[in-house]
Amino acid sequence: MSFGWIVLGWAAVIGLPLAVLVAVILWPEHIPKDRTVQAIRRRIEDEDESPPTVGPGR
């Protein structure tokens with residue numbers, strides 16, 4: 001077995017998990033549209049504008 005294959009093997013053994021780790025840490029998380037700041041603010045403003053409702057039994 002040549003030295004080049006050994007170096008290539010170690011590069012794969014160390015480099016591939018390291019690349020996955022970096023990608024997981026740096027990859028931005030997808031935020032659902034209903035969880036954005038604008039959507040939450042819109043829901044709060046809609047709740048503030050609507051008159052309070054009285055449920056059954058009150």
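Above this text sits the structure in question.
Below: a short report on this structure. Just so it is clear, the structure is predicted and the values come from calculations on it, not from any experiment. (Residues numbered from 1 in each chain as written. Predicted model: local features only at pLDDT ≥ 70, side-chain atom pairs only at ≥ 80, totals over all residues. Heavy atoms only, no water.)

1. Quick word on the overall build of the chain
So, point 1. Secondary structure assignment for the chain yields two helices and zero strands.
So, point 2. Across the 58 residues of the chain, 2% fall into the buried class. (Helix = DSSP H or I, 4+ residues; strand = E, 2+ residues; numbered from the N terminus. Buried < 20%, exposed > 50% of the residue type's maximum accessible area, 1.4 Å probe, protein only.)

2. Let's talk about a negative patch on the surface
So, point 1. Taken together, Glu45, Asp46, Glu47, Asp48 and Glu49 make up a surface patch of like negative charges.
So, point 2. By the element assignment, Asp46 lies in helix 2 (residues 37-49). (Patch = residues over 30% accessible without salt bridge, like charges linked within 9 Å, V, L, I, M, F, W, Y side chains within 5 Å. Areas by Shrake-Rupley, 256 points an atom, 1.4 Å probe, with all protein chains shown as cover. Salt bridge = Lys/Arg side-chain N within 4 Å of Asp/Glu carboxyl O. Lys, Arg positive; Asp, Glu negative; His and termini not counted. Charge placed at Lys NZ, Arg CZ, Asp CG, Glu CD.)

3. Things to note about a nonpolar patch on the surface
So, point 1. The grouping of Phe3, Ile6, Val7, Trp10, Val13 and Ile14 at the surface amounts to a nonpolar patch, some 650 Å² of accessible area in total.
So, point 2. Considering the arrangement of structural elements, one finds Ile14 in helix 1 (residues 3-26).

4. A short note on helix 1
So, point 1. Helix length check: helix 1 (24 residues) gives 33 Å between terminal C-alpha atoms against 34 Å at 1.5 Å per residue, within 8%.
So, point 2. By the largest-angle criterion, Gly15 marks the main kink of helix 1, which is about 25°, and a proline, Pro17, follows within four residues. (Expected span 1.5 Å × (residues − 1). Bend = angle between axes of the 7 residues up to and from the residue.)

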